[in-house]
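As a plain string of letters, each chain reads:
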Amino acid sequence: MAQIVTPAVIIPRFTTLTHTGLAYQYFTLPVDVSAFDRGLITGWRGVLSGTSPQFGFAFYESIDRITWHECDGTSGLDDPGEAQEKPYSFLLSRRWFRMGIMLSGTGAMVTCWAQGFLMRRRP
C-alpha cells in the first residue's frame, strides 16, 4: 500500500529576511507532526547581500517545544547555494517540528523558501 503524503509549506515563496547585526537565527512556529514519520522538504535561497553574509537551513524536533534536537538524517546548518534548490530528507520521531534559518553578516539579506511533503506513519 502506498504511503500517504501531506503537502507542507514551511517557508512561503518568496520570503525575504534581513538582519542588521552580526548573526541571527529565525525559527518557524512548531508544527505537530505526530502523525508523520519523515519529511521531504526542498529549500531554496536567492542571492545573499551584505558584508560577509552566510546562510543555512536546519531542521529540529522536540517532545515538549522547549528542548530542540536536530532531526535524524540532517547535519546541522546547510546552505543550498545561490539560486539553488536542494532536497532535504529527515526522520521524525518526536511530536513537534520546526525549521531554523541562520543569517549572519553585517546588513545581511536573503530571499528563501522551503516546501515539500510530510509522510504519514503507516498503520
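This text goes with the structure placed above it.
So, a few notes on the structure that sits alongside this text. (Residues numbered from 1 in each chain as written. Predicted model: local features only at pLDDT ≥ 70, side-chain atom pairs only at ≥ 80, totals over all residues. Heavy atoms only, no water.)

## Here we look at the nonpolar core
Nonpolar side chains in soluble globular proteins generally cluster together in the buried interior.
Then comes step 1: Core analysis: the biggest nonpolar cluster contains 24 residues, and Ile 10, Ile 11, Phe 57, Phe 59, Leu 92 and Phe 97 have the highest contact counts within it.
Then comes step 2: Counting only elements with at least two residues in this core, the list comes to β1 (5–19), β4 (36–45), β5 (49–62), β7 (84–91) and β8 (96–120).
Then comes step 3: It is β8 that provides the largest number of residues to this core, a total of 9 residues. (Core = buried A, V, L, I, M, F, W, Y, C linked by side-chain atoms within 4.5 Å. Buried < 20%, exposed > 50% of the residue type's maximum accessible area, 1.4 Å probe, protein only. Helix = DSSP H or I, 4+ residues; strand = E, 2+ residues; numbered from the N terminus.)

## A short note on the packing of aromatic side chains
Then comes step 1: This structure, assessed with the given rule, holds 10 aromatic pairs.
Then comes step 2: Arranged with centres 5.1 Å apart and planes meeting at 50°, the rings of Phe 59 and Tyr 88 form a pair that is tilted. In this pair, Phe 59 is assigned in strand β5 and Tyr 88 in strand β7, connecting sequence segments 29 residues apart.
Then comes step 3: By relative accessible area, Phe 59 is classed as buried at 2%.
Then comes step 4: Between the aromatic rings of Phe 90 and Phe 97, the centroid separation amounts to 5.4 Å while the plane-to-plane angle is 5°, which identifies the pairing as stacked.
Then comes step 5: According to the relative accessible area criterion, Phe 90 is buried, its value standing at 2%.
Then comes step 6: Of the aromatic side chains, those joined through ring pairs into one cluster are Phe 55, Phe 57, Phe 59, Tyr 88, Phe 90 and Phe 97. (Phe/Tyr/Trp six-rings, centres within 6.5 Å; stacked < 30°, edge-to-face > 60°.)

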